[in-house]
Amino acid sequence: IVVSNTGHGSPMVSFKQGTKMQLSGGRGKPKQYKLLQFHFHTPSEHAFEGQRTAMEAHLVHQNIETGGLAVIGVMLEPGGQTNDCLKAA
């Protein structure tokens, strides 16, 4: 993976070839997508019923056949529990 400073306040994480997913539904055969990168927005870029969350992650995928993009957004809120893996050494 490659972590980049985009200058927008959060890192962008890019992946090498081989990380992919398959989307199916609707008409036709399932579509194959490769994961290109993920990045964050704080506060969230999107809102539900007018409410934004503390952060939103975007997982950006590219259709292997057409080159079209599919972005999955994940809304994030801080939890009340400390993650020991994230504590400073």
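Here is what the cut-offs are and how they apply
- Residues numbered from 1 in each chain as written.
- Predicted model: local features only at pLDDT ≥ 70, side-chain atom pairs only at ≥ 80, totals over all residues.
- Heavy atoms only, no water.
- Phe/Tyr/Trp six-rings, centres within 6.5 Å; stacked < 30°, edge-to-face > 60°.
- Buried < 20%, exposed > 50% of the residue type's maximum accessible area, 1.4 Å probe, protein only.
- Salt bridge = Lys/Arg side-chain N within 4 Å of Asp/Glu carboxyl O.
- Helix = DSSP H or I, 4+ residues; strand = E, 2+ residues; numbered from the N terminus.
- Pairing = 2+ DSSP bridges.
- Polar contact = N/O pair within 3.5 Å; in protein donor to acceptor, adjacent residues only side chain to side chain.

### A few points about the packing of aromatic side chains
Ring pairs (aromatic) are described by centroid distance and by the angle formed between their planes. On inspection of all chains with the given rule, the structure shows 1 aromatic pair. For the ring pair Phe-38 and Phe-40, a centre distance of 5.7 Å and an interplane angle of 85° mean the geometry is edge-to-face. On the accessibility criterion, Phe-40 (23% relative accessible area) is partly exposed.

### Looking at the pattern of salt bridges
Opposite charge on two side chains permits them to pair, given that their charged atoms come into close proximity. Considering all chains together, one arrives at 1 salt bridge under this definition. A salt bridge links Glu-65 to Lys-29, with the nearest nitrogen and oxygen atoms 3.1 Å apart. Placement of Glu-65 in the loop between strand E5 (55-63) and strand E6 (69-76) and of Lys-29 in the loop between strand E3 (20-23) and strand E4 (31-41) is noted, with a sequence separation of 36 residues between them. Accessibility classification places Glu-65 together with Lys-29 in one group, the exposed group.

### A closer look at the pairing of E6
Across 8 bridges, E5 lies against E6 in antiparallel orientation. Note that in E6 the partner of Gln-62 across the bridge is Leu-69. Hairpin remark: E5 followed by E6, antiparallel, with 5 residues in the connecting loop; positive phi at Gly-67, about 85°.

### Some words on the pairing of strand E2 (residues 11-14)
Two faces, one strand: in a regular strand the side chains alternate between the faces of the sheet. Two elements, strand E1 (residues 2-5) and E2, share 4 bridges in a ladder whose sense is antiparallel. Residue pairing for E2: Ser-4 is matched across the bridge by Met-12.

### Considering the side chain of Asn-63
Within the element layout of this structure, Asn-63 appears in strand E5. For Asn-63, the side chain forms a polar contact with the main-chain nitrogen of Thr-66, separated by 2.9 Å.

### A look at unusual backbone geometry
Here the bond from Thr-42 into Pro-43 is cis, since omega is -5°, no more than 30 degrees from zero. Along the chain, the position of Pro-43 falls in the loop between E4 and E5. A positive phi angle, close to 50°, is found at Glu-49, a residue other than glycine. Note that Glu-49 resides in the loop between E4 and E5.

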